[in-house]
Each structure stands twice: as C-alpha cells, then as structure tokens.
Amino acid sequence: MLFDDLFLQPFLTGLGLAVLLPLLGCYLRLRDEWLAALTYAQVAAAGALAAMAVAWPLVLGAALAAGLAAGVKHLASLRGLHGAAYALLLLGGWAAAVLLVSNLPAAESMGHALFDGQLYFTDWRHLVVSVAWTGLALAFLRLFSRRLLLARLYPDFFRARGLPNWPAQLGFDLLGAGSLALATMSLGVMGAFGLIFVPPWVAFSWASSWRRGLVGAVGLGVLAYGAAFAAALEFDQPFGPILALVLILAGLPPLFRRRHCA
Amino acid sequence: METLLTAERLTAGWKRPVVGPLDFALGRGEVVGLLGPNGAGKSTVLAALAGRARVFSGRLGKRPGLSIALQTQAALPADGIPLSGRELLALTGAAATGLPDWLGDRLGQRYDELSGGQRQYLSLWAILDAPADLVLLDEPTNNLDRAGSEHLAGALRTRAEHGAGVLLVSHDRDFVARVCDRVVLLAGLEN
C-alpha cells in the first residue's frame, strides 16, 4: 500500500522532515532550547489559521508567524530572556489559535488538522517545498555546525577574536522556525515536536560522540516515522498520535538509565 | 619583542567600574600573572581584554589583527551532550599532542563522563592550545591536582616559547611565581 501513489507522496514529504527534525533537535538540545520546537509549532499553527482567515496561503501564514517568533526570541536572547520568550510565545500562539478556531467556522476543521497532523492530505507542492527546505537546512547545518557548538561551549570564542557570530545564531533561529512551520503543516504540532524532542534525547543518552549522536537521532527519527506511517495505514488510524506513541516507546529505555537523561 | 597588548590607565567593569586605573604591557613570548585579593577585579580585566566587560576610561591598545583565546572559570555546559574529548579539541583547533597520558588516553570518551579534574584540564587545553596570539587564563589551576598543575606549568612555558603571549589570573602564588615572567598586582578600584 505504501508504494501506491496516493501514499508514496505523503510518505516522502514526511521522510525529509523525519531526517531534518531530529537533526535540528540535536542542536536545540545542545543549546538547551528544545522548548523552542513546541513554541514554533504552536505559533506556526496559529499563523496558518490567521492566513486562512484572510485567504492567504496557509504555509505562508505559518512561516511568517514562526519567523516572527524567531525574531522575538533572538532579540530576547540578547538580554538572556529566551526561556521566558518561549513561554510567552507558546501561550500567545495557543490563545490566538483557539480564538481563531472559536470565531471562524471554517477554521475549526483546519485547527484539528494542524494539531493532529494532515500528512495524508499533503500534495506535491508540500513535497517539493519539504525536499528543498530540507536540502537548504542540511547545507546550513553542515556549514555552521562548528560555530553553533563553539558558541554554546565557549561563548567568548568569537567575540575574543573579533569575529561576528550573529549570522549563525540568527540563521539557526530562522531555520528552526521555518522547519517547524513546514512540519506543522504536514505532521501536526505534536508530531513535529515529538520528532524534534525524542530522537535526540534517546540518542544522546547512549552516543559516545557528537557525530554518533547525530547519526543515531536521524536513524531513530526515520525508523519511528516509518513505523508510525505503516502502523497508521495498517490500522486506519490518524498519523500524529501513532507517531507520538511510537516515539514514547522509543523514549522508554533512557528513562531507566541513570546517566545522560537530563 | 613585539608588543601584543598595552593598557594605560585602564578602568574596566560591568555596570560600573570595578578595577583600575591599571597600566601594563604584554609582549609575544611572555607569561604575565595578575595577582590580587578576591574582588580586586582580576577576572574583569580578562573580560575587558576579550571584549565582554566595559572599558570606562583609559586606553587599551591591541596589535592589529590580534587573535585572543579566553578561558573562564565557568564550567562547559556539556552535561548530557555526547561530545568526545577528541571532538572538543577539534572544535577549537587544539591538538592532542602534548596532553598528559592520564588525559590523552581518554580522548575517545564523552566529555561528561570524565572526572572533574580531567574535564577542567581538557576544557583548559582546548583554549590553551587553540591557534591564538594571546591566551587569557582565569584561575586555570582550579580543580587540578599536583600532576595537573605541573603539566600546566610546562605547557604554558612551551606556549610562550612558541610565540604566544599569556596573561594569567590566579590566586595560587606559588604557581604564578614558578611560571610567570612578570607579575601585575591589582589592588581594586582607586577612588
């Protein structure tokens, strides 16, 4: 059934994100910013609903809202307040989404779709955008990985050398926001958050190096995604909750380990 | 000897001045110690040289294109992050050559699985051996045992012999006396 055109295209759309989101999650965990994933996803959902209200493309609304959230977070982080910014943005995104769903009859079903995930209803445009964005994001991470690690471990490293590091920092914030906006449109809020949070958390608990942590997180993300996709089709269930359950199962072993499960 | 850094009547601090006025110079191949009581502003001087703390008055001259490496007392936020010792050194461009055996043999291990002293020395080495003209070290002997301090003393002299300048803040007077070419005494802020 997977190789039926009807399902192959949604599968490939999600597959790119199943590679990208765990990778992105590794850097968010490194920066202790994993809550950003939930914030961006929630704000993106609100942005998509707002776009629907004014007859704009949904993905544009999601991307603009998440990008705005990334900008606010970036400014807040300059004052050391990014943790509070995430919480406020999360609350704001949730409030806006619920109010839009309550006051716009047409937004109710879309609201459900955004929170539950609507992977089976994505079309070829989602696939093209997903593949292109994933390629762009992988190139960015390859280029700026060392800078992101150094900026976290030795915050003075670039300043002491008189080198600017804001392009990597701002670029990563925008990359995270854009990725979550895209993922929310297909995998749903919690599906996207789960793929960002769980695979890096599990992989970091046993990996012996950063490189193995990245490979492990991506491998686990892809396996969980594939298993959830197949199970949802086989048992005719919504994809988002099945993905969440598979990820919870994957997250159980580290809970019983003593080390590296912060 | 090429001068890397000069401070003339330098007053530095954060929201308000903490230290100064201070005069000193540091040349290539020199190891200079900054000594003073707690609260005298030793770490603030290093932060000002690295561009993190504010210079309120006086002049801070740096050789054009000067590359600075700064080691602070803050622990690396690497708990729960699967970063091997070898990867940490590669990040800053430091080499494993010259590390003591008790650490060199453990570079394949995760940083957060090393002992406190091993972590301290590895994070210090990653800065000490990174490509830079001037190395600023803030209390580098903290958490080090005698073997670690001995090795550090040798490594600092070697770094200076290879052309770097080293400015060292420490409360360990014996270590400073053993390693430094000159000592600058800080008395805190003059009114």
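Source: prediction; values computed, not measured.

Rules of the game
- Residues numbered from 1 in each chain as written.
- Chains lettered and ligands numbered in written order.
- Predicted model: local features only at pLDDT ≥ 70, side-chain atom pairs only at ≥ 80, totals over all residues.
- Heavy atoms only, no water.
- Pairing = 2+ DSSP bridges.
- Helix = DSSP H or I, 4+ residues; strand = E, 2+ residues; numbered from the N terminus.
- Axes fitted to C-alpha atoms, helices over the stretch in contact; angles between N-to-C directions.
- 1 Å grid on protein atoms, 1.4 Å probe; cavity = no way out; pocket = protein on both sides within 12 Å on 5 of 7 lines; lining within 4 Å.
- Points joined across faces, edges and corners; volume = space filled by probe spheres on them.
- Nonpolar A, V, L, I, M, F, W, Y, C, P; charged D, E, K, R; others polar.
- Buried < 20%, exposed > 50% of the residue type's maximum accessible area, 1.4 Å probe, protein only.
- Contact = heavy atoms within 4.5 Å.
- Phe/Tyr/Trp six-rings, centres within 6.5 Å; stacked < 30°, edge-to-face > 60°.
- Lys NZ or Arg CZ within 6 Å of the ring centre and 35° of its normal.
- Salt bridge = Lys/Arg side-chain N within 4 Å of Asp/Glu carboxyl O.
- Right-handed = clockwise from strand over helix to strand, strands pointing away.
- Buried area = accessible area lost by both parts, 1.4 Å probe.

Peer 1: Would you mind showing me how to read the sheet that holds strand β4 (residues 54-62) of chain B here?
Peer 2: Neighbouring strands of a sheet are bound in pairs by backbone hydrogen bonds; such pairs are parallel or else antiparallel. Residue and element names in this part refer to chain B. Here 3 strands make up an open sheet; going across it, the order is β2-β1-β4 and the pairing antiparallel. A strand with exactly one partner marks an edge of an open sheet, and here the two such strands are β2 (17-27) and β4. Geometrically, the sheet is characterised by an average inter-axis angle of 5 degrees between neighbouring strands, direction not taken into account. Of the strand pairs in this sheet, strand β1 (residues 3-13) and β2 are connected by 7 bridges, and their pairing is antiparallel. Looking across to β2, one finds that A12 is bridged to V19.

Peer 1: Help me out: how do you make sense of the layout of surface pockets in this one?
Peer 2: A probe as big as a water molecule, rolled over the atoms, marks out the empty space that is left. In this structure, the largest pocket encloses a volume near 630 Å³. Taken together, 20 residues form the lining of the largest pocket, with S77(A), A151(A), P155(A), N165(A) and Q169(A) sitting closest to its centre. Elements represented by at least two residues in the lining of the largest pocket include exactly α3 (58-78), α6 (124-153), α7 (157-160) and α8 (166-187) of chain A. Here the lining of the largest pocket gets 4 residues from one element, more than from any other, and that element is α3(A). Along the lines of polarity and charge, the residues of the lining of the largest pocket split into 8 nonpolar, 6 polar and 6 charged. One number sums up the size of the second largest pocket: a volume of about 500 Å³. Lining of the second largest pocket is provided by 28 residues; of these, T72(B), Q73(B), A74(B), A75(B) and L76(B) occupy positions nearest its centre. Counting residues per element, the lining of the second largest pocket draws most heavily on helix α4 (residues 116-128) of chain B, at 6 residues.

Peer 1: Please explain the environment of L75(A) as it appears in this structure.
Peer 2: Mapped onto the fold, L75(A) is located in helix α3. As a C-alpha pair, L75(A) and A85(A) span 10 residues in sequence and 9.4 Å in three-dimensional space.

Peer 1: I'm lost on the environment of A53(B) in this one. Help?
Peer 2: All names here are of chain B. Along the chain, A53 falls in the loop between α1 (42-49) and β4. Its relative accessible area of 9% is what places A53 among the buried residues. Sequence spacing of A53 and W14 is 39 residues, and the spatial spacing of their C-alpha atoms is 5.6 Å. If sequence neighbours within four positions are ignored, A53 has contacts with G13, W14, T44, A47 and A48.

Peer 1: Looking at this structure, I do not really get the packing of aromatic side chains. What am I missing?
Peer 2: To describe a pair of aromatic rings, you give the distance between the ring centres and the angle between the ring planes. Residue and element names in this part refer to chain A. On inspection of all chains with the given rule, the structure shows 16 aromatic pairs over all chains. With a centroid separation of 5.3 Å and an interplanar angle of 80 degrees, the aromatic rings of Y27 and W210 are classed as edge-to-face. Residue Y27 is located in helix α1 (residues 5-30), and its partner W210 is located in helix α10 (residues 210-234); the two are separated by 183 residues in the primary sequence. As far as the burial class goes, Y27 and W210 line up, both buried. Grouping aromatic residues by their ring pairs yields a cluster made of F11, Y225, F229 and F239. Here R161 stacks its cationic end above the ring of F157, 3.9 Å away from the centre of that ring.

Peer 1: Explanation requested: the pattern of salt bridges in the structure shown.
Peer 2: Note that side chains of opposite charge can pair when their charged atoms are close. Under the criterion given, the structure shown has 17 salt bridges over all chains. The closest approach of N and O atoms between K73(A) and D173(A), which form a salt bridge, is 2.8 Å. Note that K73(A) is positioned in helix α3 and D173(A) in helix α8, a separation of 100 residues in sequence. On the basis of relative accessible area, K73(A) is assigned to the buried category, the value being 1%. Across the pair E150(B) and R178(B) runs a salt bridge whose closest N-O atoms are separated by 3.6 Å. Here the residue E150(B) occupies a position in helix α5 (residues 146-161), and R178(B) occupies one in helix α6 (residues 173-179), the gap between them amounting to 28 residues. Using a relative accessible area of 44% as the deciding quantity, one classes R178(B) as partly exposed. Counted as one network, the salt bridges with shared partners bring together R31(A), E33(A), K73(A) and D173(A).

Peer 1: Would you mind going over the pairing of strand β6 (residues 134-138) of chain B with me for this structure?
Peer 2: When a strand is regular, its side chains alternate between the sheet's two faces. Residue and element names in this part refer to chain B. With 5 of its 5 residues buried, β6 lies for the most part within the structure. Going residue by residue along β6, you find L134, L136 and D138 tucked away on one face and V135 and L137 tucked away on the opposite face as well. Taken together, the 5 bridges between β6 and strand β7 (residues 165-169) define a ladder with parallel strand orientation. Among the inter-strand pairings, L136 is bridged to a residue of β7, identified as L167. For the crossover from β6 across α5 to β7, the handedness is right-handed.

Peer 1: Looking at this model, I keep getting lost on the sheet that holds strand β8 (residues 182-185) of chain B. Mind explaining?
Peer 2: Residues and elements named next belong to chain B. Taken in spatial order, the 5 strands make up an open sheet running β5-β6-β7-β3-β8, and their pairing is parallel. The strands lining the two open edges of the sheet, one partner per strand, are β5 (68-71) and β8. The average angle at which neighbouring strand axes cross in this sheet is 15 degrees, direction not considered. Against the sheet, α1 engages β3 (31-35), β5, β6 and β7, with an angle of about 150 degrees to β6. In this fold α5 packs onto β3, β6 and β7, with an angle of close to 130 degrees to the strand it touches most, β3.

Peer 1: Mind showing me how you'd approach the interface of chain B and chain A here?
Peer 2: Buried accessible area, meaning the area lost when the parts come together, often serves as the stated size of an interface. Listed as interface residues are 31 residues of chain B and, on the opposing side, 24 residues of chain A. Here chain B and chain A share an interface that buries about 2200 Å² over both sides, 59% of which is from carbon and sulfur atoms. Interface area lost by chain B to chain A is led by P77(B), P82(B) and L91(B), which between them contribute 26%. Seen at the junction of chain B and chain A, the total is 1 salt bridge. Those elements that place two or more of their residues in the side of chain B that touches chain A are β5, α2 (85-92) and α4 of chain B. Grouping the constituent residues of the side of chain B that touches chain A by class yields 18 nonpolar, 8 polar and 5 charged.

Geometry only, nothing functional implied.
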